[in-house]
Every structure is written in structure tokens, then in C-alpha cells.
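# Residue-level structural notes
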Amino acid sequence: MSSNKTTAPRQHASSGPALPQLPEPSHAERARTLISLTSVGSLSTLSLKHSGFPFGSLMPFALDLAGRPLFLISNMAMHTQNLKTDPRCSLFVAPANADGDPLGAARATLIGVAEPVPVGDLSSVREMYLACHENSSYWVDFSDFSFFRLQPVDLYYVGGFGVMGWVEARDYEDAAPDPLARAASGILAHMNADHIDSMILLARFHAGVEATEATMTSVDRLGFTLRLKTNDGMKGIRINFLHEVATLQETRAVLVEMVRGARR
């Protein structure tokens, strides 16, 4: 099993009570979340024309229930010809609109084997792919198009500067996307527009950091991260929720509870 299932407990400042020691999401969960929010990546196959050289292609994809990428590709495409000769490949996935320095954004590379989808799975794969790429309905039934599925062998996840590591394929498949993944951008926008004072208070109460400015940079089912401007420069901290959350409403409720507790 991968070694990033949990992180070391975080110590909180004596100015407030210690929060329950919830773990941070593992690299496997973060990678599964990232890839579930993305539908286009860069596929690298082994070149048929230039043996041993990688050949990169823009590749739309969908995911099956195990998080395995599904491709709808033409027999005429160079990457298809490459895969039919050697199914080993990799798929690089990154957010479509990463703010700021792209090297600070999360990304993942799946290494594996991409082979034609078995006949018995075609109906369900077709449904999953079209749910993600509706326009493909215009050519999905053309005789020269077929479905391939990438079976991961290993995965490398980079969560930003200094956050990286290998993720075993089984850990990735067993992980689930974070339940707040699709609501996260709205939560961040709301907090950063309307609740800067509350975040400064939480940073002081739960981490003992005095800040003049605060920005929430990420949020997940277990907690959130803040980028803080202090007299000693910029600092980043993570604060755990009082308990795990799964919905936007639960997130709002626990944040309100935490702010009220800090004010008391």
C-alpha cells in the first residue's frame, strides 16, 4: 500500500483547543479527485515510426467506475497505430485553468497499458464516455472508431511545490473523488470574497499565526488550507475541520461553528 495514507498529526497553538487529528487526503484520493474533474489529457504512446521515442497526443477521456481512463480513438490516428503495436503508454492530466504559476498546480501521470475494450463492456463504456463527451455521439458509431481503456500500472502525483509521490494503482482505484470536489471553487470564491476576517481569526485560533491577509487556497472533506500574509512574509497552513464533511451545507455549518468557537 502507498505510504501517504495519512500524515503526521498537526500540532495546534495553545491559544485554542486541539482539533481532532483527522488525516489529510492521501495522494491517491487527491489524484482520483483531480482526474475526475478533468476530461482532456496528454497521451504519450511509443512511436511506431521512431522506435523507442514517445509520441504525444491531445486526448479526451472519460473514466469508468474504477477511475480507469476511456478513449474513443480512430484507427487512422497515429496514437492508435502506436497502441496496437505496443499498448504501453502514459496519460498526463492537469487542471484546464490553473491560476498563477502552473508548476504550483496539481497534476498526475498515469502509466499503464491501453487496449481495446472487450465487447461485453462496450455498452456501459459507450454510455459513460458519451455522458462526458456528448459531441462524440456524431462519430461514436463510425466503423473506424473504437474504445480503448487504460489500465493503470502506476501513477505519479504532484500536488504543487514540494508535494509529490508515487501512488500504487490499487490505491488509486480504491480511492474515491473528494465529495466537495465540484463545490470547492464556489466555496473558495465565497470565503475569499466575504470572510477574510473569519479566516484570519481561524488562523490565529487554530494555528497561532497572526495574519493581515488570508486566502483560502483549497478545501476538501477533512479541512482547508490558507495562504497568509504576515509580518514575517507569506505562510501556508492547513486547518482540519471539527469533523468530516460531505456536502456544501455541511461545510458551511462546520465553518460557522469553528468561527463562533474562535470568537468565544
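The rules we used
Residues numbered from 1 in each chain as written. Predicted model: local features only at pLDDT ≥ 70, side-chain atom pairs only at ≥ 80, totals over all residues. Heavy atoms only, no water. Buried < 20%, exposed > 50% of the residue type's maximum accessible area, 1.4 Å probe, protein only. Helix = DSSP H or I, 4+ residues; strand = E, 2+ residues; numbered from the N terminus. Contact = heavy atoms within 4.5 Å. Phe/Tyr/Trp six-rings, centres within 6.5 Å; stacked < 30°, edge-to-face > 60°. Lys NZ or Arg CZ within 6 Å of the ring centre and 35° of its normal. Arc of directions from axis to C-beta. pLDDT = per-residue confidence, 0-100. Pairing = 2+ DSSP bridges. 1 Å grid on protein atoms, 1.4 Å probe; cavity = no way out; pocket = protein on both sides within 12 Å on 5 of 7 lines; lining within 4 Å. Points joined across faces, edges and corners; volume = space filled by probe spheres on them. Nonpolar A, V, L, I, M, F, W, Y, C, P; charged D, E, K, R; others polar. Salt bridge = Lys/Arg side-chain N within 4 Å of Asp/Glu carboxyl O.

## Observations concerning helix α1 (residues 27-36)
Among the 10 residues in α1, 9 count as buried, and that is most of the element. For α1, every residue scored as buried is listed here: His27, Ala28, Glu29, Ala31, Arg32, Thr33, Leu34, Ile35 and Ser36. For α1, the secondary structure elements touched by its buried residues are β3 (62-63), β5 (88-93), β6 (107-116), β7 (145-160), β8 (163-168) and α4 (169-174).

## Details of the packing of aromatic side chains
How two aromatic rings sit relative to each other is given by the distance of their centres and the angle of their planes. Inspection of every chain in the model, using the stated rule, returns 4 aromatic pairs. Between the aromatic rings of tyrosine 129 and phenylalanine 147, the centroid separation amounts to 5.6 Å while the plane-to-plane angle is 70°, which identifies the pairing as edge-to-face. Of this pair, tyrosine 129 sits in helix α3 (residues 122-132) while phenylalanine 147 sits in strand β7, and the two are 18 residues apart along the sequence. Each of the two residues, tyrosine 129 as well as phenylalanine 147, counts as buried. Its end group placed over the ring of tyrosine 172, arginine 32 keeps NZ or CZ at 5.5 Å from the ring centre.

## As for α3
At 3.6 residues per turn, the α-helix brings residues three or four places apart onto the same side. Within α3 the residues assigned to the buried category are Val125, Tyr129 and Leu130. Mapping the buried residues of α3 onto a view down its axis gives an arc of 125°, with all of them on the same face. For α3, the exposed residues set more than 90 degrees away from the buried face come down to Ser123, Glu127 and Ala131.

## Examining the confidence of the model for the protein
Taken over all residues, the pLDDT of the protein has a mean of 90, while the share at 70 or more is 90%. This stretch, residues 1-15, has a pLDDT under 50; its non-local contacts, to residues over four places away or in other chains, come to 27 contacts.

## As for the pairing of strand β4 (residues 69-74)
Counted residue by residue, β4 has 6 buried out of 6 residues, so it is predominantly covered. Where β3 and β4 come together, 2 bridges link them in antiparallel fashion. Bridging from a neighbouring strand, leucine 63 pairs with proline 69 of β4. Where β3 folds back onto β4 in an antiparallel hairpin, the turn is made up of 5 residues, including glycine 67, whose phi is positive at roughly 80°. Sheet analysis places β4 next to β7, joined by 5 bridges and oriented antiparallel. Each residue of the ladder has a partner; that of serine 74, found in β7, is phenylalanine 145.

## Observations regarding the layout of surface pockets
Taken as a whole, the second largest pocket spans an internal volume of roughly 320 Å³. Along the wall of the second largest pocket there are 15 residues; nearest its centre are His190, Met191, His195, Arg252 and Leu255. Mapped onto the lining of the second largest pocket, the elements with two or more residues apiece are α5 (184-194) and α7 (248-263). In terms of residue count, α7 provides more of the lining of the second largest pocket than any other element does, 8 residues in total. Here the lining of the second largest pocket is built from residues that sort into 7 nonpolar, 5 polar and 3 charged.

## Let's talk about the pattern of salt bridges
According to the stated counting rule, one finds 13 salt bridges in the structure shown. The partner of arginine 221 in a salt bridge is glutamate 29, and the shortest N-O contact between them spans 2.8 Å. One end of the pair, arginine 221, is in the loop between β9 (213-220) and β10 (223-230); the other, glutamate 29, is in helix α1, with 192 residues separating them in the sequence. When sorted by exposure, arginine 221 lands in the same class as glutamate 29, which is buried. Residues glutamate 244 and arginine 221 are paired through a salt bridge, measuring 3.0 Å at the closest nitrogen-oxygen approach. Note that glutamate 244 is positioned in the loop between β11 (233-240) and α7 and arginine 221 in the loop between β9 and β10, a separation of 23 residues in sequence. According to the relative accessible area criterion, glutamate 244 is partly exposed, its value standing at 46%. We classify arginine 221 as buried; its relative accessible area is 18%.

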